[in-house]
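Tertiary structure, described
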Amino acid sequence: MFTDLACGQRLDMAGYAGGHWLQRWPGLALALAAILAVMVDNRVLVVDSHREYRSIRLPSWALPIWLNGPAFAFASLLLALTAGLLWYEKARAFALWWWAADTAFYALWTPLVLALNWYFLAAVDAMWFWLLAVGALFVYWRSSRMAAALMVPVLAWMSYIVPVSFAFWLLNH
């Protein structure tokens, strides 16, 4: 341990205040567990609804179905890493609650589309997730710039999902 002369704060050898870095990684484990639960739940829904999904009229510009699974998995991983970084950087509780709200909207989209066929609510859900993801850039920036940066690809993916969701609703109601 040494003292940072600029602010008088005790830092460990890696330059972090507040204890050993291993004490902060349980947050990543919790975030990974939460995201894994969302992914497993969504995977169960997808397996049971392949026939249903194929009956949905898709817009001509929709991506192939095989690309959705890897894209959602990548977005899920980024959300988990974001939470882990926020926890690791000892983010304000507000940032962690923001992540929880964002992840809740993320988790709702697949059941709304594939299990319930509520396309309008799925579109509204996707729009709220997108709005929260935009806000997350600013909320997370104060605590962890890397966490904010990890939201950029998630935001790009959701920028596609929002219009696709509204197209599902327009084509299938």
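Scroll up to find the structure this text is about.
Structural notes, computed from the coordinates. Predicted, not measured: the structure shown is a model, and the values here were computed from it.

**Description of helix α4 (residues 93–115)**
Given a rise of 1.5 Å per residue, 23 residues ought to cover 33 Å, and the 33 Å separating the end C-alpha atoms of α4 matches this to within 8%. For α4, the set of buried residues is Ala95, Trp99, Asp102, Thr103, Tyr106, Trp109, Thr110, Pro111, Leu112, Val113 and Leu114. Positive backbone phi, approximately 60°, marks Asn117, located one or two places after α4.

**Concerning the packing of aromatic side chains**
The relation between two aromatic rings is expressed through the spacing of the ring centres and the mutual angle of the planes. Summed over the entire model, instances satisfying the criterion amount to 10 aromatic pairs. Taken together, a centroid distance of 6.4 Å and an interplanar angle of 25° make the contact between Phe105 and Trp128 stacked. Here the residue Phe105 occupies a position in helix α4, and Trp128 occupies one in helix α5 (residues 119–141), the gap between them amounting to 23 residues. A relative accessible area of 43% means that Trp128 is categorised as partly exposed. Three or more aromatic residues joined by ring pairs make a cluster, and in this case those are Trp61, Phe72, Tyr106, Trp109, Phe129, Trp157 and Tyr160.

**Here's the deal with the packing of α4 against helix α6 (residues 145–172)**
Running from amino to carboxyl end, α4 crosses α6 at an angle of 35°, the nearest separation of the two axes being 13 Å. Classified by chirality, the crossing of α6 by α4 is left-handed. When α4 is examined against α6, the residues Asp102, Trp109 and Val113 are found in contact with a partner set consisting of Met151, Ile161, Ser165 and Phe168. Per-class residue counts for the contact of α4 with α6 are five nonpolar, one polar and one charged.

**Details of unusual backbone geometry**
Look at Asn117: it is not a glycine, yet its phi comes out positive at around 60°. In this structure, Asn117 sits in the loop between α4 and α5. The partly exposed category is assigned to Asn117, whose relative accessible area is 30%.

Scoring rules and cut-offs
- Counting restarts for each chain: residues are numbered from 1 in the order of the written sequence.
- Only residues with pLDDT of at least 70 are given local features in this predicted model, and only at 80 or more are side-chain atom pairs given and counted; all residues enter the totals for whole chains, interfaces and linings.
- As a rule here, side-chain values come from all non-hydrogen atoms in the structure, and water together with hydrogens is ignored.
- Helix numbers and strand numbers start at the N terminus; a helix is a DSSP run of H or I with at least 4 residues, a strand a run of E with at least 2.
- Take the residue count of a helix, subtract one, and multiply by 1.5 Å to get its expected span.
- Categorising residues by exposure relies on relative accessible area from a 1.4 Å probe, with only protein chains included: less than 20% of the type maximum marks a residue as buried, more than 50% marks it as exposed, and the intermediate range marks it as partly exposed.
- For this analysis, a ring pair means two rings from Phe, Tyr or Trp (six-membered ring only for Trp) whose centres lie within 6.5 Å, classed as stacked if their planes differ by under 30 degrees, edge-to-face if by over 60, and tilted for the remaining angles.
- Axis angles are defined between N-to-C directions and span 0 to 180 degrees, where every axis is a line fitted to C-alpha atoms and, for a helix, only to the segment in contact.
- With the far helix as reference, a near helix turned anticlockwise by less than a right angle produces a left-handed crossing, and one turned clockwise produces a right-handed crossing.
- Contacts are residue-level and defined by heavy atoms, with any inter-residue pair within 4.5 Å sufficient.
- Following the grouping adopted for this structure description, the nonpolar residues are Ala, Val, Leu, Ile, Met, Phe, Trp, Tyr, Cys and Pro, the charged ones are Asp, Glu, Lys and Arg, and the polar ones are all others, Gly among them.

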